[in-house]
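Coordinate inspection notes
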Amino acid sequence: MISLSDGERAPATDGAIVTGRGYRITVLTDRLIRVEWDPDERFVDEKTQQVVSRTFPLPCFDVVRTATGIEITTRTLKLRYDEQKPSSSGLAITLLNGATDVHYATWRYAQEYPQTPPLRGNLGSTARTLDEVDGAIEIPPGILSTYGFGVLDDSASLLLTEDGWIRPREGCGDTTDIYFFGYGRDFSAALRDFHELTGPIPLIPRFALGNWWSRYWAYDESEYLALMARFRDNGIPLSVAVIDMDWHITDVDPALGTGWTGYTWNSELFPDPPRFLEALHSQGLAVTLNLHPADGIRRHEAAYPAVATAMGVDPAGGNPIDFDVSSRRFMGAYQEYVLGPLEDQGVDFWWIDWQSGAQSAMPGLDPLWMLNHTHFHASARHGRRPLTFSRFTERAGHRYPVGFSGDTIVSWASLAFQPEFTATAANVGYTWWSHDIGGHMHGAHDVELAVRWLQFGVLSPINRLHSSTNPFSSKEPWVFGEPAATIMRRYMRLRHRLIPMLYTAAWAAHAEHVSVVRPLYHDASRDHGAYAHPNQYLLGEHLLVVPITTPRESTSHLATVRAWLPAGEWVDIFSGLRYRGSRDVALTRTLELYPVLARAGAVVPMDADPMSQAADAPTSLELLVIPGTGTSTLAEDDGSANPDRGLVTFRQTLEVREDGLADITIEVSHTGAALAQRHVSIRVPGVNDAESVTVDEDRMSAFGPLPADAEDLAPAGFGADLGVVDLTDGFTVRILGAERAEAFDARGVFDLLQQAELGFEIKRRIWNVVENGEAADVLAVLDLPRELCDALTEQFAAIAAW
């Protein structure tokens, strides 16, 4: 039997419950109320598939019983209930303060509300899959809305037993069990309490944050290892090797079913699996194998005798063992005798490729939910940190990362929807989506689409390149020719350089319930602009990503995307251009560049060596210092299953002197688990040079202007080598007499004009405008592509660092 969790009950705090005939109301917080209705009064204190804790500090509230029912009033809510079966006329909750829509300050049970985004409506959650979807889908509702309220329905959840197994609820189906969230626009607080109720986002292993290679292709051992070597020789780092279904026997007797389900290595392709897996591990690669757990365990499988015996079936009879997710006996045998030996050989986690339908032998049990639940917890054997890879399921699907969004269509429409889909999932804490980057099937060879999709993937929670068995659809960067191959290589290197920042975000998701990728309205909930562009999102602590999901204009070879910038100032981490916030902007980029902006005052920790092993903390850090005032963090741990966090805090301040120069101070402190010493350097875009750099009282000698680093996509600016420092002890960096760079990038404008397919004379006229410093509106009288005008206007509007 597999032990999956501890404890069966999750009762509410004493004093939080109000009862009456057939109902029970629990005031969990002054903004979170549970309402249960059961004529037989079989109320649930046990953990459910969705809810695992109901213990909150007891809030203050008043109860008044009237001739028409009861009223419960908290600091922020008033509940009115007629004490009958819940209905739209008998159960209502009003937001007393924090209401954001004067027309809809009261929620009524089962009532529908206008859905007219971005003005008003529910802000959505996520969906099980994007399988065979070409474009957008309708996203189900979540707990956040512009109205300030939402509902989590737990009525159909099964119960969790003490060891984490499941059992049905007692009683008839005429029951209600809902949780009302009335947090107004305090979305951060709503999500914190959502995770207190349903469980935290697990801390995924660090290796999952690197580049994944995946392809539906019948590789053999030598071919796969040669491919991994070619990536390495091309300077492209990988961290996860995904082996699709052809790792196992697929050519089976039709009398047994299809070859989609399988658990036995294909010895013709992989004659020595432990050798193959060890070779991948020696290159710093974690390994996941594809499973389609639909047809059970059949007589040709290596594990069949052991499973049959465990199930009380005579192996000599050869009768198939059905895959029954509701059977504790079968699932125990499956984990122990089928997957266990493969994990002993070196398989790190499993890709559950959902082929089990929506029904099981237990009414109400979705097979996929149980597969995710059991595979995730069982993957912790051997002292590992749990991880699985599967499609999303409702009922706290965020507890089972990583998510597989299904077989994506190769099209611009598919790419255009994925950023919004990824960010919106944060509304239910589902932060670890993995898409088929580049698309899985159909479509056509489109170099620009492949590059833009990869750029998005690099700036997504998980970056997994994937394609089908079509010999022309593979995603190795070199198959796209130049300059695409170089661009893709550089972004895949950037992905590994960003792992320190991404792992810090993973810790924040786990410990502070702040999703790695999230919509702008999570941080700027009262700004209309935060809702107007659902495709842009926040990444980690301080980055803002504005995906490009349409082709370039053919004359200028530029693509423009419209965006909204939150308050403050923002700096493009590739070009160094600086923008004022609280406004709409047009961001225009060549194929080589992508709109990624960092908040002024941020310190973005990056791995100085993109080829280092993703599973390990970097031995050398580069800090991307965005001039301004702000606080940033770096989180690390020892990689164990239940680690303590070591947290480094960077507090940056900027003071402008009378002579126009600036002094930049970065105070570095540490809490928690000790961190190793390592080499640290800094890069400061928007600064040309400085008078001096000190670490504590030691004056540094290696500092000065830095050119842009095209290979590692680093902006021009000022740099300093701080040497080997002790992050645990902390230190202070002072950049004194910093000289700001010009806001306007004349060379960048020249390059834009150079590549544009325009007449030489019109280019000369534009360049004269630039050289003479004429107003940007002069461009309006010229007959130019809109994208080129946008790019030039963007340059003219750039601001200096201070």
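Whatever comes next refers back to the structure up there.
Residues numbered from 1 in each chain as written. Predicted model: local features only at pLDDT ≥ 70, side-chain atom pairs only at ≥ 80, totals over all residues. Heavy atoms only, no water.

**Remarks on the overall build of the protein chain**
Counting its regular elements, the protein chain contains 14 helices and 40 strands. A compact globule built from 802 residues would reach a C-alpha radius of gyration of about 28 Å, and the protein chain, at 28 Å, matches this within 12%. A burial count over the protein chain gives 61% of its 802 residues as buried. A sequence separation of at least 24 residues applies to 70% of the contacts in the protein chain between residues at least 6 apart. (Helix = DSSP H or I, 4+ residues; strand = E, 2+ residues; numbered from the N terminus. Rg over C-alpha atoms; globule rule 2.2 N^0.38 Å. Buried < 20%, exposed > 50% of the residue type's maximum accessible area, 1.4 Å probe, protein only. Contact = heavy atoms within 4.5 Å.)

**Some remarks on the layout of surface pockets**
The computed volume of the second largest pocket comes to approximately 1,000 Å³. If you go around the second largest pocket, you meet 44 residues; those closest to its centre are Phe574, Ser575, Leu593, Asp745 and Gly748. Of all the elements in the fold, those that place two or more residues in the lining of the second largest pocket are β25 (569-572), β26 (578-580), β27 (583-589), β35 (687-689), β38 (703-706), α12 (746-755) and α14 (786-797). Of the residues that constitute the lining of the second largest pocket, the class distribution is 23 nonpolar, 10 polar and 11 charged. (1 Å grid on protein atoms, 1.4 Å probe; cavity = no way out; pocket = protein on both sides within 12 Å on 5 of 7 lines; lining within 4 Å. Points joined across faces, edges and corners; volume = space filled by probe spheres on them. Nonpolar A, V, L, I, M, F, W, Y, C, P; charged D, E, K, R; others polar.)

**So, the sheet that holds strand β2 (residues 23-29)**
The pairing of strands in a sheet happens through backbone hydrogen bonds and is either parallel or antiparallel. Within the open sheet, the five strands sit side by side as β1-β2-β3-β12-β9. Their pairing is antiparallel. Taken across any chain shown, the strands that pair with only one partner, and hence form the sheet edges, are β1 (17-20) and β9 (150-153). With direction set aside, neighbouring strand axes in the sheet form an average angle of 20°. Strand direction decides the pairing type here: β9 and strand β12 (residues 176-181), joined by four bridges, are antiparallel. The residue of β12 that forms the bridge with Val151 is Phe180. Running over the sheet, helix α1 (residues 187-198) touches β2, β3 (32-37), β9 and β12 and is turned about 150° from β12. (Pairing = 2+ DSSP bridges. Axes fitted to C-alpha atoms, helices over the stretch in contact; angles between N-to-C directions.)

**Quick notes on helix α13 (residues 760-771)**
Under the 1.5 Å per step criterion, the end-to-end length of α13 is 16 Å for 12 residues, consistent within 8% with the ideal 16 Å. Buried within α13 are the following residues: Ile762, Lys763, Ile766, Val769 and Val770. The arc that holds every buried residue of α13, seen down its axis, measures 115°, which confines them to one face. Among the exposed residues of α13, those oriented more than 90 degrees off its buried face are Phe760, Glu761, Arg764 and Glu771. Phi turns positive, to about 65°, at Gly773, one or two residues after α13. (Expected span 1.5 Å × (residues − 1). Arc of directions from axis to C-beta.)

**Details of empty space enclosed by the protein**
Here the structure, examined in full by the defined rule, presents six cavities of 30 Å³ or more. Roughly 70 Å³ of volume is contained in the largest cavity. As for the largest cavity, its lining consists of Met501, Thr504, Glu541, His542, Leu543, Val603, Val604, Pro605 and Thr633. Of all the secondary-structure elements, those providing two or more residues to the lining of the largest cavity are α10 (499-512) and β29 (603-607). Ranked by residues supplied to the lining of the largest cavity, first place goes to β29 with three residues.

**So, the sheet that holds β25**
Spatial strand order, β21-β22-β23-β28-β25-β26: six strands in an open sheet with antiparallel pairing. The open sheet has two edge strands with one neighbour each: β21 (517-518) and β26. Taken together, the three bridges between β25 and strand β28 (residues 596-599) define a ladder with antiparallel strand orientation. Along β28, the bridge assignment pairs Trp570 with Arg599.

**Describing the environment of Leu449**
Along the chain, Leu449 falls in helix α8 (residues 447-458). Beyond its immediate sequence surroundings of up to four residues, Leu449 is in contact with Val410, Ser411, Trp412 and Leu415.

**Considering α12**
Of all the residues in α12, the buried ones are Gly748, Val749, Leu752 and Leu753. The arc that holds every buried residue of α12, seen down its axis, measures 140°, which confines them to one face. Within α12, the exposed residues directed more than 90 degrees away from the buried face are Arg747 and Gln754. In the core, the buried residues of α12 are packed alongside α13 and α14.

**Considering the nonpolar core**
Grouped together as the largest cluster of nonpolar side chains are 171 residues, with contacts concentrated most on Tyr334 and Leu539. Here this core gets eight residues from one element, more than from any other, and that element is α10. For Leu539, the residues in contact, after removing those within four places along its chain, are Leu459, Met501, Leu502, Val516, Val517 and Val545. Judged by nonpolar contacts, the second largest core, of 32 residues, contains Ala662, Ile664, Ile666 and Val668. (Core = buried A, V, L, I, M, F, W, Y, C linked by side-chain atoms within 4.5 Å.)

**Topic: the packing of aromatic side chains**
Applying the stated criterion across every chain yields a total of 44 aromatic pairs. Aromatic side chains Phe207 and Phe349 sit 6.1 Å apart centroid to centroid with 25° between the ring planes, which places their arrangement in the stacked category. Taken together, the positions of Phe207 in the loop between α1 and β13 (211-215) and Phe349 in strand β16 (residues 349-352) put the pair 142 residues apart, joining distant regions of the chain. Classification of Phe207 by relative accessible area gives buried; the value is 17%. Judged by centre distance (5.0 Å) and plane angle (90°), the ring pair of Tyr219 and Tyr224 falls under edge-to-face. Per residue, the accessibility class of Tyr219 equals that of Tyr224, and both read buried. Taken together through their ring pairs, the aromatic side chains of Tyr104, Trp107, Tyr109, Tyr113, Tyr147, Phe149 and Phe180 make up a single cluster. The aromatic ring of Trp217 is capped on one face by Arg215, whose charged end is 3.9 Å from the ring centroid. (Phe/Tyr/Trp six-rings, centres within 6.5 Å; stacked < 30°, edge-to-face > 60°. Lys NZ or Arg CZ within 6 Å of the ring centre and 35° of its normal.)

**Describing the environment of Val684**
Relative to the assigned elements, Val684 resides in strand β34 (residues 678-684). C-alpha of Val684 to C-alpha of Gly403: the two residues are 281 residues apart in sequence and 36 Å apart in space. Not counting chain neighbours up to four residues away, the residues in contact with Val684 comprise Val625, Pro627, Ile664, Gly717, Phe718 and Ile735.

**Considerations on the environment of Val749**
Here Val749 lies in helix α12. Spatially, the C-alpha atoms of Val749 and Leu238 are 35 Å apart, while their sequence positions differ by 511 residues. If sequence neighbours within four positions are ignored, Val749 has contacts with Phe744, Trp767, Val770, Leu792 and Gln795.

**Considering the packing of helix α5 (residues 328-345) against helix α6 (residues 367-378)**
One can describe the packing of α5 onto α6 by two numbers: an axis separation of 12 Å at closest approach and a directional angle of 50°. By the angle between their axes, α5 is oblique relative to α6. For the element pair α5 and α6, the recorded crossing hand is right-handed. Contacts between α5 and α6 involve Met331, Tyr334, Gln335 and Leu339 from the former and Thr374, His375 and Ala378 from the latter. Per-class residue counts for the contact of α5 with α6 are four nonpolar, three polar and no charged. (Parallel < 35°, antiparallel > 145°, perpendicular 65-115°, else oblique. Left-handed = near helix turned anticlockwise from the far one by under 90°.)

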